[in-house]
Each structure stands twice: as structure tokens, then as C-alpha cells.
Amino acid sequence: MTLLLAPPSLSRLHAPTLTTLPAAIAANVDRVRSVTAARIMAVVKADGYGHGAVAVARAAVAAGAEWLGVTDAADAAELREAGLDVPILAWLNPAGVDAAQVARDRVDLAVGSVEELRQLVADAVAPVRVHLHMDTGMSRGGCPVGDWAELLRVARAAGPLIDVVGVMGHLPRADEADARANAASVLRMRQARDAVLRAGFGPLLVHLAATAGALTDPSTHFDLVRVGAGLVGIDPSETVQLHGASRLTASVVHSSLVRAGTTVGYGGTYATRHETHLSVIGVGYADGIPRELSEGAGVEIGGSRHPIAGRVSMDQIVVDTGSRSFPRGTIATVFGPEGAAVPSVQEWARWAGTIPHTIVTGIGPRVQRSRA
């Protein structure tokens, strides 16, 4: 699939672009819906896993997601301004919480410590809907078991300022796709829920599972599942085939024919084995292309996959296209959902020795965003 600007010119090229595919997001929501009766929260943190929070949220809600999730309450304002009216939950809140803004934006807050709840009570200017966050085994947030009774006492004492509507936790081992690995967290979640109900709160929305748990372990589903990575085609358990939800493209900005033995890039770590064509693509590590890549990394140009030659630079990569010469302006697909010659996000993660999440969330601000 060779794409050329018509007509190509020296001054006009296809800018590096990440295209979000709403139909793929909808298909991924449908896939989750097929394996659970729980409600679905579309988690659009990190700007929708790099795909655009509003674009992902709209596609997911249109496909049946009933909630949205973010990690910072301030991010909810953009969703509300875009006309998204479904409930929104914010957890972590690293920028702090503006209690007045939370009330205006109608945002639920997760609270995972006695200290955090006391501060919220002190700052609240109107009733705040709260999901109490139990540490179910992650040890990176959430209320420890030993503090749970005190958390409930503070919530009761707050009276109408705190409306406890939910209980949540996280699964530390859901990507193993083994219910035995999740059993301790499920038990702790049930115990936390029961204690909240005994304290007089309810009805409650209980949620524990993210994408991997939602796809592989029904015992973790409770009332709602939080799907983030799965929206954009990533199953952390690597057991369920989802639809890639973005395509990264960029132009060939320079081409040349070089002799055998020509070194390419900084350090001369790559040398051509025979006379060959080289194409320079206008994206680099400042745009999210991993600098450290294993052998075999490549991009699609002209319907074929061509290997990256030499080191990734800040602004560009060089591709060895063999006997084929591609003019300036030819579009290269760095990753996408098409398969065949087009690399997937999962392949890029393997080449970089990382996880697909870091590939899609690492695409830099110089890359334009669009929707299919």
C-alpha cells in the first residue's frame, strides 16, 4: 500500500500523524461486553492511552460504556466540555483535588487513605460522591486492611458531605489469566464491600477488574469492570485478540542509493551488505519511537516491511528498502492494525523490550492527531 501525496512537492509532506480508529474502539467494547454482565467503565487516562481522551471516550460511550475513568479529576473538565454526560470516576489525583471543581463537573472520587479522606472532608463545599479504595494486594495505593475501619469511621462522621457510593481495588496479577492468582484480591474485595455495607453505606458499585481481569476472570467482575488498555487493542494477558485502535504514519523525507559497506547513523552500527536504497522517515525518539530496538524492527512502505537501519535519532529513522526506491512524500506506516507488512503495537513493544502501553502513550506532541 503505497500512499503518495498528489502531487508530492518539496514543501508539502504528510506530517507524522497518529490516527485514532473509533470503530476499533467500539469493537473492543463489544468484545468485553460479550464476556461480562457487569457495567463497563472506559478508562481514558493518559489522554486515552495516547489516542485522545475525548475521541476514545466518545467511541466507547457510543458502544455502550456507562462510565468514564481518569486518574486526575482535572481531566474530567475536558470530557464534560465535550458533552460527555456519563458518570466519571477519578482516582490517584496527583495534582490534588479542587473540591469545588469536582462538584461542578460531577466527578466521583476514589479515596484510598484516612488522611486523604480527612482532607477531602475539610475541603468539600458540597456533597462528594466517593469510592473507597481498598489495597487488594498491589501495595501502591489504596487503604491498608488495618486502616479500613478508621476510614469508614471518618466517612460516617462526615455526614452529608461524603456520599460513599462505591468500593474499588486493583488486581496485581490479572495479566496471568489465572483465577488462582486473583483469588486473594477477590476475597479482600468482598470483605471490604461487606464492611462498608455493615457500616450503613449503600447501595454500592463494586469494581476490581481492569482489562485483563475483565477478559479472563469472571470472579473479578463484581458490578463494573474498568477497561483502559483494552479500548485501544491491548490485552495485558495476551490471551484475547483485540483490535488495534490507531495508526502511526509519516513521510519519507529523503532517499538515496548507497554502496555496499555504507555505514548508517550515529556510531556506524549498521553497514549495508550490498548496494541498496535508504529512506529517511521523519519520526524519531522525540516522537515516541523507542531508541533501543532489537534486530527485526521495521516499518511498512509500499506494501512491504523494510528494516530500520542504524540507530533511531531524535527526529528520524532510516529504513533499508533494498532494490526499491521510494520518492520523497511516500507514506510509511510505523504501526497499525492492518497486519501483514504493517507492524502492530505489540511487535514494537517486543522490539523495544517493553509493553504495548508504553508505545502508544509515548507518542510525542509533535505528532499530529486525527480520527478515521
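Procedures and definitions
- Residues numbered from 1 in each chain as written.
- Predicted model: local features only at pLDDT ≥ 70, side-chain atom pairs only at ≥ 80, totals over all residues.
- Heavy atoms only, no water.
- Helix = DSSP H or I, 4+ residues; strand = E, 2+ residues; numbered from the N terminus.
- Expected span 1.5 Å × (residues − 1).
- Contact = heavy atoms within 4.5 Å.
- Polar contact = N/O pair within 3.5 Å; in protein donor to acceptor, adjacent residues only side chain to side chain.
- Salt bridge = Lys/Arg side-chain N within 4 Å of Asp/Glu carboxyl O.
- Buried < 20%, exposed > 50% of the residue type's maximum accessible area, 1.4 Å probe, protein only.
- Axes fitted to C-alpha atoms, helices over the stretch in contact; angles between N-to-C directions.
- Parallel < 35°, antiparallel > 145°, perpendicular 65-115°, else oblique.
- Left-handed = near helix turned anticlockwise from the far one by under 90°.
- Pairing = 2+ DSSP bridges.
- Arc of directions from axis to C-beta.

**Student:** Can you help me understand helix H8 (residues 179-198) in this one?
**Tutor:** Between its terminal C-alpha atoms H8 stretches 27 Å, which fits the 28 Å expected from 20 residues at 1.5 Å a residue. Tucked into the core, H8 has its buried residues touching strand E6 (128-133), helix H7 (148-157), strand E7 (162-168) and strand E8 (205-207). For H8, the N-terminal cap is Asp178; the gap from its side-chain oxygen to the backbone nitrogen of Arg180 is 2.9 Å. Where H8 ends, the next residue or the one after it, Gly200, has phi of about 100 degrees, a positive value.

**Student:** I'm lost on the pattern of salt bridges in this one. Help?
**Tutor:** Side chains that differ in charge, positive against negative, can pair when their charged atoms come close. Scanning the model with the defined rule gives twelve salt bridges in all. Of the charged contacts, one joins Asp194 and Arg193 as a salt bridge, the two residues approaching to 3.1 Å between their closest N and O atoms. What makes Arg193 partly exposed here is its relative accessible area of 24%. Salt-bridge contacts for Arg366 lead to Asp315; the nearest nitrogen and oxygen are separated by 2.9 Å. Of this pair, Arg366 sits in the loop between helix H11 (356-361) and strand E18 (368-371) while Asp315 sits in the loop between strand E15 (304-307) and strand E16 (317-322), and the two are 51 residues apart along the sequence. For Arg366, a relative accessible area of 46% translates into the label partly exposed. A cluster of three or more residues bridged by salt bridges with shared partners is formed by Arg118, Glu150 and Arg153.

**Student:** Where do I start with the packing of helix H1 (residues 22-33) against helix H3 (residues 53-62) in this structure?
**Tutor:** Between two packed helices, both the angle of their axes relative to each other and the distance between the axes serve to describe the pair. Relative orientation of the contacting elements H1 and H3 amounts to 45 degrees, with a least axis distance of 8 Å. The orientation of H1 with respect to H3, classified from their angle, is oblique. Here H1 and H3 pass one another in a crossing that is right-handed. Together, Pro22, Ile25, Ala26 and Val29 of H1 and Val56, Ala59 and Ala60 of H3 make up the contact between the two elements.

**Student:** Would you take a moment to explain the pairing of strand E13 (residues 276-281) for this structure?
**Tutor:** Regular strands place side chains that alternate from one sheet face to the opposite one. Counting buried positions over the six residues of E13 gives six, a clear majority of the element. Note: strand E10 (residues 246-258) against E13, six bridges, orientation antiparallel. Counted as the bridge partner of Ser255 is Ser279 from E13. Bridge count between E13 and E16: five bridges; the pairing is antiparallel. Within the sheet, the bridge partner assigned to Val280 lies in E16 and is Val318.

**Student:** Would you mind showing me how to read H7 here?
**Tutor:** Note on helix geometry: an α-helix contains 3.6 residues per turn, so any two residues three or four positions apart are oriented the same way. Every buried residue of H7 is accounted for by Trp148, Leu151, Leu152, Val154 and Ala155. Projection of H7 onto a plane perpendicular to its axis shows the buried side chains occupying an angular sector of 160 degrees, all on one side. Along H7, exposed side chains directed more than 90 degrees from the buried face belong to Ala149 and Ala157. Each element contacted by the buried residues of H7 is listed here: strand E5 (107-111), helix H6 (114-123), E6, E7 and H8. The positive-phi residue at the C-terminal boundary of H7 is Gly159, with phi of around 60 degrees.

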